[in-house]
Amino acid sequence: MPEDRPYDFRAVERTWQQRWEEKRIYVARDDDPRPKYYVLEMLPYPSGDLHVGHAKNYTLGDAIARMQRMRGYNVIHPMGWDAFGLPAENAAIQRGIDPETWTRSNIENMRRQIRLMGTSYDWTREFATCDPSYYRWNQWFFTRMFEKGLAYKREAPVNWCPVDRTVLANEQVENGKCWRCGADVERRNLAQWNFKITDYADRLLRDLDRLDGWPERIRTMQRNWIGRSEGVTFAFDVENVDAAIDVFTTRVDTVFGATFLAVAPEHPAVAKILERMPKSRRRVEEFAASLRGKGELERTQLMEKTGVPTGAYAINPLSRERVPIWVTNYVLAEYGTGAVMGVPAHDARDFAFAKKHALSIAQVITNADGSLRAPLADAYEDDGKLIASGEYTGMKSAPARRAIAARLEAMGRGKTTVNYRFRDWLVSRQRYWGTPIPIVSCENDGLVPVPDDQLPVLLPKGVAFTGQGSPLANDPAFVDTTCPRCGGPATRDPDTMDTFVDSSWYFVRYLDPHNAHLPFGRDVASRWMPVDQYIGGAEHAVMHLLYARFFYKFLVDEGWVEGDDEPFTRLFNQGTLLYGGEKMSKSRGNVVGIDETVEKHGVDAMRLFLLKAAPPEDALEWTDEGIVGRVRFVQRVWRAAEPLTRAARSVPLERLPEMRGERQRELVRALHVALDSGKSETETRRFHYNVTTAKLDELVNLLAAAAREPDAASDPAVLYVVHALPIVLAPFAPHLADELWAALGYERSVHLERWLEPDPAALATDEITLVVQVNGKVRARIAVAPGIGEDAAFALAMEHATVTAQIDGKQVRKRIFVPDKLLNIVAA
Ligand SMILES: [Zn+2]
Ligand SMILES: [Zn+2]
């Protein structure tokens, strides 16, 4: 008698991970004729140690990849490292560790841990963005953008993080604070490189409409961030000064109500005005000085709206009225035109400003019945009917906007314009651990890109990390160079690129990761793109996910990849993992490590817990009872199925087995319910594998009970379920599945098998309604088991009085039987 072999998950999991690797079963082939499926989790930053919160993300992606592989797709599922960034450099400053050494050792550890989770990545495609063979192409793209005018350098007030000592893009400032360290962001005037993402504003906005595989929340955040508004840009002349001030407004119907102009202190007209108004100079300059270093949020949201008069007046181009020009804190030079018309009666901010500075308030819009009249207690911001507006008086707001815009255009003083809230993407960073910007500055030639054949511009080694100033700027051996154009002395740009450049196209590099001549080949990239399913956190809504869309549109525009210019067809935002009610994170100190969890409970148990405890988009609480429950599940599967594997192989999976009774029917149905759930959760892209794994629990409970019956080893239904079990377990508990599959006698991995098609006959519920007719007339409806035979159905029908009453005394001549639907008894 064979002894009960306990399931040794540690040995089994190690063995299968090695075997999968040796047999390269997850390596995606470019020439595979099956339809492709590209599933991708956001490129991780190699921060060091992973915890089970990370495992939640990887497990979902892996279950999807495995499921799609079994459903007949040529799945590509790559992994790599977003390896540039500040933590490595901070480690260098604080602990004297070389950033590269720090990064590479973290990658080693994380790769080991990600493999430990039993993931099905194609590791032949792995790279780190700090590899010169990768960042060389960042520089190549930068150069192409420079040639197209999409990369440009300009001096402007920028966001400066005093802690990280670098500038930040607008997307990286959240509520006035640095996205990375939370420090209050300051303003500085610096010459910086930008990518002209605003050239793509219309497309980035419009194409959101067709990304119906994205969470609506993310699309809304991007729409709001881009912030499109239609309006009119028109000019006010300045009285006695040779200057005109452009303003943009979405409410040109209120133009007759303008009672002042608010301009940024940096507006070029201000300098001209001060030449004519020397008495105002001191007051304006003191005011401007008081704003220096104040961030955008502070100026526009937190500070009280305030300002000082310049002493000059502007002329309203339509009413010809004189309005005072004020320098204010809430108008920013780099936004729009740097000036706005103040309409206190119809704008709450202007109303507050006018009240504070005793400026006049002129109502020019009233409500529909005209009952709203000055004095107004508050700004009336709705559309309405124009009053006191010259020839436009009496018009409604919308037609008045069109008429006034046309008039300003005809006067040559204005035009209809579209404004966007978002700015160009500032990509210069004053830090070391990033991609060097491949531009040199020459006295004769200006800004000159490094020729392609001299790329990459390598990061120098052995740089001093003092924490003071930019390490590259402090390194003359790096900065001093010769001009590629004239051969004269030149200096390299000492900045590196925002690391979000690295993550803006990595998903295309995975498709051709070893290409030494191009970032990727067009054919191979076009075959695999776009990413069918992207998985990652919602925190990237207006950073990575916007930048990558812009970058990919550029790649498609240049013809380097063909097809749809949206890179991510579907996007799934994972919920976070909680522990003790709080998000699991190193900084909170509530971390459960991968190594200890795998060692103690096993990979499959961990994966099953992470998938089963909640829908993947929801937050999930890690509990010790939960994981222990999954350990028991794994053991229960093994105890029930393994002793029957030798007999089970002979029962074919191509057709339903003989079912000797209701218990067998129930068991087989539970299998097909689980198969059906896995299929539909994948097909609908809902990925609620919490439902599928709950179905597996029900299945295994029934199987465990059936396996205890004395005739289990000769019951075709039980053996059929044992035979199929590894297939339905495979995406969720991949090691256990392959171990059972091998016990069945298979040599090839279960992960290369096809998912079984759920059989409607097996799925049918307990009872169906059979219509009973006598001589073509309905006499009864009886509840029967699905698949009931004709004789059994007839016997049941004859138990019904309404049926026997009709037949009474007659002879049954014929029976017409439509299985599961109808029995017609012909009697005469
Ligand atoms: Zn910071
Ligand atoms: Zn030169």
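Residues numbered from 1 in each chain as written. Chains lettered and ligands numbered in written order. Predicted model: local features only at pLDDT ≥ 70, side-chain atom pairs only at ≥ 80, totals over all residues. Heavy atoms only, no water.

A. Main features of the overall build of the protein chain. Secondary structure assignment for the protein chain yields 28 helices and 32 strands. Scaling as 2.2 N^0.38, a compact globule of 828 residues should have a C-alpha radius of gyration of about 28 Å, whereas the protein chain reaches 35 Å, well beyond that. Taken over the C-alpha atoms alone, the protein chain extends approximately 115 × 75 × 50 Å along its principal axes. Here the protein chain holds 828 residues, and the buried ones make up 56% of them. In the protein chain, once contacts between residues fewer than 6 apart in sequence are set aside, the share between residues at least 24 apart is 72%. Summed over all atoms, the accessible surface of the protein chain reaches about 35100 Å², with 48% contributed by carbon and sulfur. One way to put it: in the protein chain the 106 positive side-chain charges average out to a point 3 Å from where the 114 negative ones average out. (Helix = DSSP H or I, 4+ residues; strand = E, 2+ residues; numbered from the N terminus. Rg over C-alpha atoms; globule rule 2.2 N^0.38 Å. Buried < 20%, exposed > 50% of the residue type's maximum accessible area, 1.4 Å probe, protein only. Contact = heavy atoms within 4.5 Å. Areas by Shrake-Rupley, 256 points an atom, 1.4 Å probe, with all protein chains shown as cover. Lys, Arg positive; Asp, Glu negative; His and termini not counted. Charge placed at Lys NZ, Arg CZ, Asp CG, Glu CD.)

B. Highlighting the coordination of the zinc ion (ligand 2). The protein atoms that coordinate the zinc ion (ligand 2) are Cys442 (SG), Asp445 (OD), Cys483 (SG) and Cys486 (SG), at distances spanning 1.9 to 2.3 Å. Classification of the site at the zinc ion (ligand 2) rests on its four donor atoms, whose angles at the metal span 105 to 115°, yielding the label tetrahedral. Going along the chain, you hit the donors of the zinc ion (ligand 2) in the pattern C-x2-D-x37-C-x2-C. Taken together, the residues span a long stretch of sequence, with Cys442 in strand E19 (residues 439-442) and Cys483 in the loop between strand E21 (480-482) and strand E22 (489-492) at a distance of 41 residues. Since its relative accessible area comes to 3%, Cys483 is described here as buried. (Donors = N, O, S within 2.8 Å, 3.2 Å for Na, K, Ca; no water. Tetrahedral: all angles 85-135°; square planar, octahedral: opposite > 155°, others 65-115°.)

C. Broad picture of the coordination of the zinc ion (ligand 1). The zinc ion (ligand 1) binds to the protein through Cys161 (SG), Asp164 (OD), Cys178 (SG) and Cys181 (SG), with metal-donor distances spanning 2.1 to 2.3 Å. Here the zinc ion (ligand 1) binds four donor atoms, and the angle range of 98 to 119° at the metal identifies the geometry as tetrahedral. The sequence pattern formed by the donor residues of the zinc ion (ligand 1) is C-x2-D-x13-C-x2-C. One end of the pair, Asp164, is in the loop between strand E3 (151-161) and strand E4 (166-168); the other, Cys181, is in the loop between strand E6 (177-178) and strand E7 (186-195), and 17 residues separate them in sequence.

D. Spatial organisation of helix H20 (residues 624-641). Taking 1.5 Å per residue, 18 residues should reach 26 Å; H20 reaches 26 Å between its end C-alpha atoms and fits that length. Every buried residue of H20 is accounted for by Gly626, Ile627, Gly629, Arg630, Val631, Phe633, Val634, Gln635, Val637, Trp638, Ala640 and Ala641. (Expected span 1.5 Å × (residues − 1).)

E. The packing of aromatic side chains, seen in detail. Counted by the stated rule, this structure contains 46 aromatic pairs. Summarising the aromatic geometry, the rings of Tyr7 and Trp638 are spaced 5.0 Å apart at their centres and angled 40° between planes, so their arrangement reads as tilted. Here Tyr7 is found in the segment before helix H1 (9-23), whereas its partner Trp638 is found in helix H20, with 631 residues between them in sequence. Ring geometry for Phe256 and Tyr392: centres 6.1 Å apart, planes at 50°, overall tilted. (Phe/Tyr/Trp six-rings, centres within 6.5 Å; stacked < 30°, edge-to-face > 60°.)

F. Just the side chain of Thr59, in detail. Structurally, the position occupied by Thr59 is in helix H2 (residues 52-70). The exposure class of Thr59 is buried, given its relative accessible area of 1%. Apart from the residues lying within four places of it in its own chain, the contact partners of Thr59 are Arg607, Leu610 and Leu611.

G. Looking closely at the sheet that holds strand E31 (residues 812-818). In spatial order, the strands read E30-E29-E32-E31; together these four strands make up an open sheet with mixed pairing. Two strands bound the open sheet, and with one partner strand each, they are strand E30 (777-784) and E31. The mean angle between the axes of side-by-side strands here comes to 20°, regardless of whether they run parallel or antiparallel. Seen against the sheet, helix H27 (residues 790-797) touches strand E29 (768-774), E30, E31 and strand E32 (822-827) and runs at an angle of roughly 115° to E31. (Pairing = 2+ DSSP bridges. Axes fitted to C-alpha atoms, helices over the stretch in contact; angles between N-to-C directions.)

H. Broad picture of the sheet that holds E21. Across the sheet, four strands lie side by side as E20-E19-E22-E21; this open sheet has antiparallel pairing. Each edge of the open sheet carries a strand with a single partner, namely strand E20 (446-449) and E21. Direction aside, the axes of adjacent strands within the sheet are offset by 40° on average. Two elements, E19 and E20, share four bridges in a ladder whose sense is antiparallel. The partner of Val440 across the bridge, within E20, is Val448.

I. How the structure looks around the packing of helix H23 (residues 689-707) against helix H24 (residues 716-729). Direction vectors running N to C along H23 and H24 enclose 150°, while the axes themselves pass 11 Å from each other. On the basis of the axis angle, H23 is roughly antiparallel to H24. Crossing of H23 over H24 shows left-handed handedness. Taking contact as the criterion, the partners of Leu696, Leu699, Leu703 and Ala706 in H23 are, on H24, Val718, Val721, Val722, Leu725, Val728 and Leu729. Grouping the constituent residues of the contact of H23 with H24 by class yields 10 nonpolar, no polar and no charged. (Parallel < 35°, antiparallel > 145°, perpendicular 65-115°, else oblique. Left-handed = near helix turned anticlockwise from the far one by under 90°. Nonpolar A, V, L, I, M, F, W, Y, C, P; charged D, E, K, R; others polar.)

J. Fine view of the pairing of strand E10 (residues 260-263). Going residue by residue along E10, you find Phe260 and Ala262 tucked away on one face and Leu261 and Val263 tucked away on the opposite face as well. Where E10 meets strand E13 (residues 339-342), four bridges bridge the pair, whose relative direction is antiparallel. From the neighbouring strand, Val263 faces E13, where its bridge partner is Ala339.

K. Region of interest: the nonpolar core. Within the largest apolar cluster, 121 residues are counted, with the highest numbers of intra-cluster contacts made by Phe195, Trp425, Phe507, Leu555, Met606 and Trp622. Per-element tally for this core: the top contributor is helix H17 (residues 544-557), with 10 residues. If you look at the next biggest cluster of nonpolar residues, it comprises 68 residues, including Ala65, Leu699, Ala706 and Trp741. (Core = buried A, V, L, I, M, F, W, Y, C linked by side-chain atoms within 4.5 Å.)

L. Region of the structure containing the pattern of salt bridges. For the structure on display, the rule yields 59 salt bridges. Two residues, Glu285 and Arg281, come together in a salt bridge whose shortest N-O distance is 3.1 Å. Pair noted here: Glu285 and Arg281 are both in helix H9 (residues 278-291), with a separation of four residues, about one helical turn. Judged by relative accessible area, Glu285 falls into the partly exposed class, the value being 42%. We classify Arg281 as partly exposed; its relative accessible area is 32%. Each of Arg203, Arg206, Asp207, Arg210, Arg549, Lys553, Asp557, Asp564, Asp565 and Glu566 takes part in one network of salt bridges that share partners. (Salt bridge = Lys/Arg side-chain N within 4 Å of Asp/Glu carboxyl O.)

M. Summary view of the packing of helix H22 (residues 662-683) against H24. Between H22 and H24, the shortest axis-to-axis distance is 10 Å and the interhelical angle comes to 15°. When the interaxial angle is binned, H22 and H24 end up roughly parallel. Seen along the crossing, H22 lies across H24 with a hand that is left-handed. Residues Gln664, Leu667, Val668, Leu671, His672, Ala674 and Leu675 of H22 lie in contact with H24, whose contacting residues are Ala717, Val718, Tyr720, Val721, Ala724 and Val728. Looking at the contact of H22 with H24 residue by residue, the class counts come to 11 nonpolar, two polar and no charged.

N. Layout of the pairing of strand E9 (residues 244-249). Two elements, strand E8 (residues 228-238) and E9, share six bridges in a ladder whose sense is antiparallel. Following the sheet pairing, Phe236 is matched in E9 by Ile245. Counted along the chain from E8 to the antiparallel partner E9, the turn is five residues long, and its residue Asn240 has a positive phi close to 65°.

O. Representation of unusual backbone geometry within the structure. Cis geometry marks the peptide bond from Ala374 to Pro375; its omega dihedral reads 0°. When you line up the elements, Pro375 lands in the loop between strand E14 (365-366) and strand E15 (385-386). Here the amide bond leading from Leu455 into Pro456 is cis, since omega sits at 0°, within 30 degrees of zero. Within the secondary structure, Pro456 is located in the loop between E20 and helix H13 (476-479). The phi dihedral of Asn775 falls on the positive side, at around 55°, and the residue is not glycine. By secondary structure assignment, the location of Asn775 is in the loop between E29 and E30. Residue classification places Asn775 among the partly exposed positions, given a relative accessible area of 40%.

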